[in-house]
Structure formats: structure tokens, C-alpha cells
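One letter stands for each residue in the lines below.
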Amino acid sequence: MMNLKTGFLKILKAFAAFGILLGLSFNSFAQEVKNSGSISGRILDSATHQPVPYVTVALFQGKQAAPENGGFTDQTGIFSVGSLPPGSYRLRIDAVGYRTAYVSNLVVSPSREKVTAGNVYLSQATTTLKTVLVQAQAPLVENRPDMLVFHADKDITSLGGVATDVLKKVPEVSVDVDGNVELQGDANVRVLINGKPSSIFGSNLTEALQSIPASQIKDIQVITTPGAKYDAEGTAGIINIVLKENTAYGVHGEVVGSIGTRLENGSFNFQARHGHFGINASISAHGNLNSTTLNGLTRNSVDSASDQVLLLQNGQGGFTRQGYMSHLGFDWDLTPKDNLSGSVGYDNFMHYSNGYTDQTETFASKDSTYTQSLHRPVINNFNFNSLDWNLDYKRTFARKNQDLEILYLTSQGKNTSYYQQGQYNEPGDLLASGAQSRNSGVDKETDLQIDYSQPFSETTTLETGVKGIWQQLTSNSNYQDLVLPSMAYQYDSAQSNDFSYSRNIYSAYASLNFQLSKKIQVRSGARLEHTSAAPIVSSGQHVMVAAYNTLVPSVIVSYALDSTCMFRLGYTRRIERPDFEDLNPFINASDPTNISEGNPNLRPEQGQRMELSYNTLLKKGAELNF
């Protein structure tokens, strides 16, 4: 453990040194953007000599493949692109209905900052299509060697919904009427956004998915046999929600919304890019109109005296929820090979219910049978908000697929839940007891991850990396009993609980990806995770939690019969770590008929996953998966 900590201290020092170098890069870039060079011109139609408005122009410096800057012509066909550093530029002009035009050798220098390209004439495209034959349409579902991808941006029927609506269409994923998600019948799913975790999923996955508008989703990646690069958490596998990115120059925005009899949502997205720098922002909101939910429970049990107990519960409740998500991010090409991106997001959602439960208990012994009935009204209120931010640095090298990536992220969520209940004896509806409880908590996670990819050939690549996860959780539960006949609430120390818990996870992995032939690809690797935790503190009680190591091997072999058919054979080990409710030794007896107690000695659940799958693309875009 000490070696792991020493190693991560070295990583942190290296990361700090990287930050200093990055600061120097910021300073250098700041000096560059002070250049006031500009290139202007006018775009005209070659036949009519009339100006061509709203034409896209892009400037490329030297031999760079990516534009240095760009813009659009105005209504008079004039364009002007500024903030250019000294250098030689080539101009590319693209317009619908015209052939692409180029102007080269536009040189900006300190002595000649303002350069004009003069009049540039565009000739109309006159290509005549005699026959148009559409052979195939890109499928909604793509089966890659290590994952299944649902291209949500190609599904126009999902634009007005939320992430839950998209997931209902994804193969191997099931969503019930309440929004609970399962992957191949298992609810222990690890959900990521752009490959990154967030505290919103740990608090309430259903609410979080309701807050992500479908219009912002590009792909849904389903990884049932994750490779060594992914965290071992989640016995069912991983669902990665990939959001859309916009790298186009200029300013873009969109507003999307839907109105329904049960769910309403809307979102606003904004992107802007100039030169090597771009920003993006979005805000989305959803609301679930009030609906009635029915519930029921039947339980047969035997008590300590061997008496039979039959518990029947039936009830209903009005339910409503609402929430919003906000995001602000940037993308900065420091150099042609160095990229820095980051984002900050704030999310908030809540739900409220007000209902009742009618309960009947029948006790049957050898000598007698009697029944006890009660009526219990219940109010529940839940609120959650989170603040997430991250910085991601990526360095690419001259060799294809060789890159280094450093990711730092922090996610902090705060939640508050409240319930109030009364218990009435029937018949007569006489109030027998009552209680209320307020529970607040903070869940904070910090991740530092370094990944490196080294290709040995066009078909063989080694991936390796290290990661540290630091988690902290605190919870305070205040329970009060209703005192009769004064109708006052009194604090109950036996039912109240203060809880704190911290857990650190250190991991390292290596994965080798190669081709045995043109049709057979192999991804094999192993991941080692070390989990340690501070003592659990629950109502003054300190409970030690033992550290443990987890070795996670993985191998995926894919065989492509052709471009439409693929077999995949995979094996991996997955774990599900107990959460704080599972570990908390506090005895929760707020519902006398459903008493729960956590066990701090719980070890993680481990699952061995072996999977053989077959995917084929049928005619007219249909997919068949076994």
C-alpha cells in the first residue's frame, strides 16, 4: 500500500510540473493571440459578378491540416478574418452550388499585418447526375469488436425526449415504467458521461437520466465485457453516454423541446469557435407532471414462536419530479499536437410524493388467529444537486494512435431527503403514532487518471495507465417521533444517525490489442485495483474496514464474417462494491415491518462474465442480436 501511495505522490508531482509547463504554454499562447494580422476579400459569382453572401471561408497556415481561423461573408460578399499570427496562409472558400476555390501565398508579417485577397470568383457546379443509386443506409446500431453502439443522433424520433427514452431503444438495455435501467437483466450498471463518472448517477440514476435531453446525445455505447482500461465497478457492464461535440467555426445554437401529458422537457445548446479556441454551453430542464402510482406488497413469514404472519400492503401516491442540468466547456488546441479541454456543470433535480398505505397483518398460531389493520399516510421529498468540473490534456505524437492523456475531475453531490408519516388504527382512524425524518448528505469524488497508447504496428497497440479515486461521504439523519396527545415532535437519538465514510481506489492496467487476421481481432489485458477505506463512523461507533486487492483479467475475441456479421467471445471479472447504505451498521426501524441494518464487513460482489454474441445487419436496416 505504501508503494502505491508513493507512486501516486510521484504522479501528483509530475502532474504539478506539467501544470507549470502548461501555464507557460498559456502565457506563450496569450502572447501569440496579441498579433493583429488580418486577411480580407470579396467573393463574387464568376458568371454574374454578383456578391455571394454567407459563404464559408477557412484559413490554413503553412501545411497544417486544421484551419487556423475562419468566418463567413456578409450580404455584400465581403469577409475579414483577424487575430492572425505572422505566417503564410492559404484560403479555402466553400459555398453550396459552387466549386471549392483556393487562394495561396497570403503572407502576414509584422510589417504587413492587413492582407487582402482581392476579388475571388466562384464558378457554379454543373455536374449532372444521370442515375442515383442508394445501396445502403448507415445503421442505427453498430457492432464494434469491444462494444455495441447506438447512434442516437441518427434517430430523429428521439430528439424530443430524454436519455431514458433513448435507452429504451438500445439493444440489450431494458427500462421499466419507473425508469429503472438494466443491462442484460442486471441492474448493477456503471453509467458514464463521455467516459467520465459523475456523482449524479450514484445518487439517483433514474432522475439523472431524466435530466439529459436526447437532443444532446450522439451515441450510447454498451460495453458488456469491458476491457482492462475501464474501472472494474459494475457487474452488469458499462453504459457510456457520448454527448455531441461541435467543431465547426462560427457561432451555432439550437432550442429543442417537447410537451406531453406526462413528461415535458426542453434544452438550449450553444457553441462558438474561433481559431484554435472553442466554447460550448447548454442548459436543459424537465418536468414530470403529477401522476398516481399504485403499490402493493404481500409477504408470508414465520416469527420466533413459529407463528405464521401474513402481511398485506396496498396503497397509492401522487408523484411529481423536475430538474435541470447546465454545462459550460471549452476546447483549446495549444499546438497542432497538444489539446486542453475542460468543463464545469451544475445539476439539480427533485421529486415529491404524497400518498398512503393500507396495511393488514394476520397472525396465525396453533391456538388463535387475529388480524391487525392500519392506515399510514406518507409524504416523501427528495432534492439533489451536484457540481462537476474536469480538465483533460491530450498529447498526440507523430505516429498514428500514439497519444498521452491526463484527466483530472471532481464531482460533489449534495442530497436531502425528508419523509413524514402517521399511523392510524382501523377502524375509527385513530392516530396511534407518527414520525418525521430529514436526511442530508454530501458525496465527493476526485479522480486523477493517466493513459498512454503505444502502437507497435498498424495492427498492434499497447494501452497502459494508472488511476486514483478518492471518495468521501457524510450523512446526517435526524429522526423525530410524534408525541401524543401534545402533537409535538421529539428527537429520537436511537433512530437518528451521523455517518462518515471515505474510500480510496488505486489502479493500474495494461492492454494489448492486435489482429490475428483481417477478420479476427483480439483485445486482452489485466487491471489491478487496490481498495482501502478509513474507519466507518456511525453515531459515534468506529468500525474498521479491511483493505483488499482485485485482479481483473479480460479478453475479447471478435470474428467478422463480413461488414454485416460479427461473432464476439469475451471474458472478464467485474465487481460491485458495497455502498454506504450496505455498510452502515445503523439499525433503521422507521418502518417497523421493514427493518434494515448494514454490515461493515461486507466484501465486494464479484462476477465472472463470459459472453458469446452474434450480430447481423438485415435488410432495410434491421439488426439481429443473439
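Nothing here was measured: the structure is a model prediction, and the numbers come from that model.

Draft legend 1. Quick peek at the overall build of the protein chain. The helix and strand inventory of the protein chain stands at 5 helices and 34 strands. Expressed as a percentage of the 626 residues in the protein chain, the buried residues total 43%. Nonlocal contacts in the protein chain, meaning residues at least 24 apart in sequence, comprise 64% of its contacts between residues at least 6 apart. When the accessible area of the protein chain is evaluated, it comes to approximately 32,700 Å², of which 55% is carbon and sulfur surface.

Draft legend 2. Just a nonpolar patch on the surface, in detail. Side chains of Tyr324, Leu328, Val344, Tyr346, Leu387, Trp389 and Leu391 sit close together on the surface and give an oily, nonpolar patch of about 590 Å² of accessible area. Elements with a contribution of two residues or more to the nonpolar patch: strand S18 (308-335), strand S19 (338-364) and strand S20 (369-396). Examining the composition of the nonpolar patch, we find that 3 residues originate from one element, S20, more than from any other. Within the element layout of this structure, Tyr346 appears in strand S19.

Draft legend 3. Quick peek at the side chain of Gln471. Looking at the secondary structure, you find Gln471 in strand S23 (residues 461-483). Of the polar contacts made by the side chain of Gln471, one reaches the side chain of Glu445; its length is 3.4 Å.

Draft legend 4. Highlighting the pairing of strand S15 (residues 250-258). As defined by bridge partners, S15 adjoins strand S16 (residues 263-274) across 9 bridges and the pair is classed as antiparallel. Its bridge partner lying in S16, Val251 is registered against Ala272. In this structure, the hairpin formed by S15 and S16 is closed by a connection of 4 residues.

Draft legend 5. Looking closely at the side chain of Asp451. Tracing the backbone through its elements, the reader meets Asp451 in strand S22 (residues 430-455). Here Gln449 takes part through its side chain, which lies 2.7 Å from a polar atom of the side chain of Asp451. If near-sequence neighbours (up to four positions away) are discounted, Asp451 is found in contact with Lys229, Asp403, Leu404, Glu405, Thr464, Gly465 and Tyr509.

Draft legend 6. Structural view of the sheet that holds strand S13 (residues 217-223). Read from one edge of the open sheet, 5 strands run S8-S9-S13-S14-S12, paired in mixed fashion. The strands lining the two open edges of the sheet, one partner per strand, are strand S8 (141-144) and strand S12 (189-193). The mean inter-strand angle of the sheet, taken between neighbouring strand axes irrespective of direction, is 20°. Note: S12 against strand S14 (residues 237-243), 5 bridges, orientation parallel.

Draft legend 7. Main features of the packing of aromatic side chains. Counted by the stated rule, this structure contains 10 aromatic pairs. With centroids separated by 6.0 Å and ring planes inclined at 80°, the aromatic side chains of Trp470 and Tyr506 adopt a geometry described as edge-to-face. Of the two residues, Trp470 is situated in strand S23 and Tyr506 in strand S25 (residues 497-515); the sequence distance between them amounts to 36 residues. We classify Tyr506 as buried; its relative accessible area is 6%. Connected via pairs of aromatic rings, a cluster forms that spans Phe277, Phe330 and Trp332.

Draft legend 8. Geometry of the environment of Tyr452. Relative to the helices and strands, Tyr452 is located in strand S22. Ignoring sequence-local partners within four residues, the contact set of Tyr452 consists of Phe397, Gln402, Asp403, Leu404, Leu462, Glu463 and Thr464. Within the structure, Tyr452 has its side chain in polar contact with the side chain of Gln454 (distance 2.5 Å).

Draft legend 9. Up close: the sheet that holds strand S4 (residues 78-84). With mixed pairing, 3 strands are arranged side by side in an open sheet as S4-S1-S7. Looking at which strands have only one partner, the edges of the open sheet turn out to be S4 and strand S7 (114-122). Averaged over all adjacent pairs, the angle separating strand axes in this sheet is 20°, with direction ignored. Two elements, strand S1 (residues 37-45) and S7, share 7 bridges in a ladder whose sense is parallel. When the sheet's bridge partners are listed, Arg42 is paired in S7 with Asn119.

Draft legend 10. Fine view of the nonpolar core. Counting residues in each nonpolar core, the largest one holds 32 residues, and the members touching the most others are Val173, Phe201 and Ile220. Not counting the four nearest positions on each side in its chain, Val173 is found in contact with Leu167, Val181, Glu182, Leu183, Val222 and Ile239. Ile93, Ala101, Val103 and Leu106 belong to the second largest nonpolar core, which has 22 residues in total.

Draft legend 11. Structural view of the pattern of salt bridges. Enumeration according to the criterion identifies 15 salt bridges in this entry. The salt bridge involving Asp231 is made with Arg190; its shortest N-O contact spans 3.4 Å. On the criterion of sequence distance, the pair formed by Asp231 in the loop between S13 and S14 and Arg190 in strand S12 is long-range, its members being 41 residues apart. We classify Asp231 as buried; its relative accessible area is 12%. For Arg190, a relative accessible area of 19% puts it in the buried group. Here the salt bridges do not stand alone but share partners, grouping Arg190, Asp231, Glu233, Asp447, Lys467, Arg527, Glu529 and Arg577 into one network.

Draft legend 12. Quick look at the environment of Ala232. In this fold, Ala232 is placed in the loop between S13 and S14. With 341 residues separating them in the primary sequence, Ala232 and Arg573 have C-alpha atoms 7.5 Å apart. When sequence neighbours within four positions are dropped, the list of residues in contact with Ala232 reads Arg527, Glu529, Val552, Arg574 and Ile575.

Draft legend 13. Up close: the confidence of the model for the protein chain. Overall, the predicted model of the protein chain reaches an average pLDDT of 84, with 89% of residues at or above 70. Taken element by element, the protein chain is modelled with least confidence in helix H1 (residues 2-32), mean pLDDT 45, and with most confidence in strand S26 (residues 520-533), mean pLDDT 95. Note on residues 11-33: pLDDT under 50 across the span, and 17 contacts to partners over four residues away in sequence or across chains.

Draft legend 14. Spotlight on the environment of Gln216. If you trace the backbone, Gln216 turns up in the loop between helix H4 (205-210) and S13. Gln216 sits in the buried class, given a relative accessible area of 12%. Along the chain, Gln216 and Val256 lie 40 residues apart, while their C-alpha atoms are 9.6 Å from each other.

Draft legend 15. Unusual backbone geometry, seen in detail. Between Leu484 and Pro485 the backbone carries a cis peptide bond, its omega angle lying at 5°. Within the fold, Pro485 resides in the loop between S23 and strand S24 (488-491). In this model, His49 sits at a positive phi of 60°, which is unusual for a non-glycine residue. Mapping His49 onto the fold places it in the loop between S1 and strand S2 (56-61). A positive phi angle is found at Tyr54, which is not glycine, with a value near 55°. Tracing the sequence through the fold places Tyr54 in the loop between S1 and S2.

Reading the values: the criteria
Residues numbered from 1 in each chain as written. Predicted model: local features only at pLDDT ≥ 70, side-chain atom pairs only at ≥ 80, totals over all residues. Heavy atoms only, no water. Helix = DSSP H or I, 4+ residues; strand = E, 2+ residues; numbered from the N terminus. Buried < 20%, exposed > 50% of the residue type's maximum accessible area, 1.4 Å probe, protein only. Contact = heavy atoms within 4.5 Å. Areas by Shrake-Rupley, 256 points an atom, 1.4 Å probe, with all protein chains shown as cover. Patch = residues over 30% accessible without salt bridge, like charges linked within 9 Å, V, L, I, M, F, W, Y side chains within 5 Å. Salt bridge = Lys/Arg side-chain N within 4 Å of Asp/Glu carboxyl O. Polar contact = N/O pair within 3.5 Å; in protein donor to acceptor, adjacent residues only side chain to side chain. Pairing = 2+ DSSP bridges. Axes fitted to C-alpha atoms, helices over the stretch in contact; angles between N-to-C directions. Phe/Tyr/Trp six-rings, centres within 6.5 Å; stacked < 30°, edge-to-face > 60°. Core = buried A, V, L, I, M, F, W, Y, C linked by side-chain atoms within 4.5 Å. pLDDT = per-residue confidence, 0-100.

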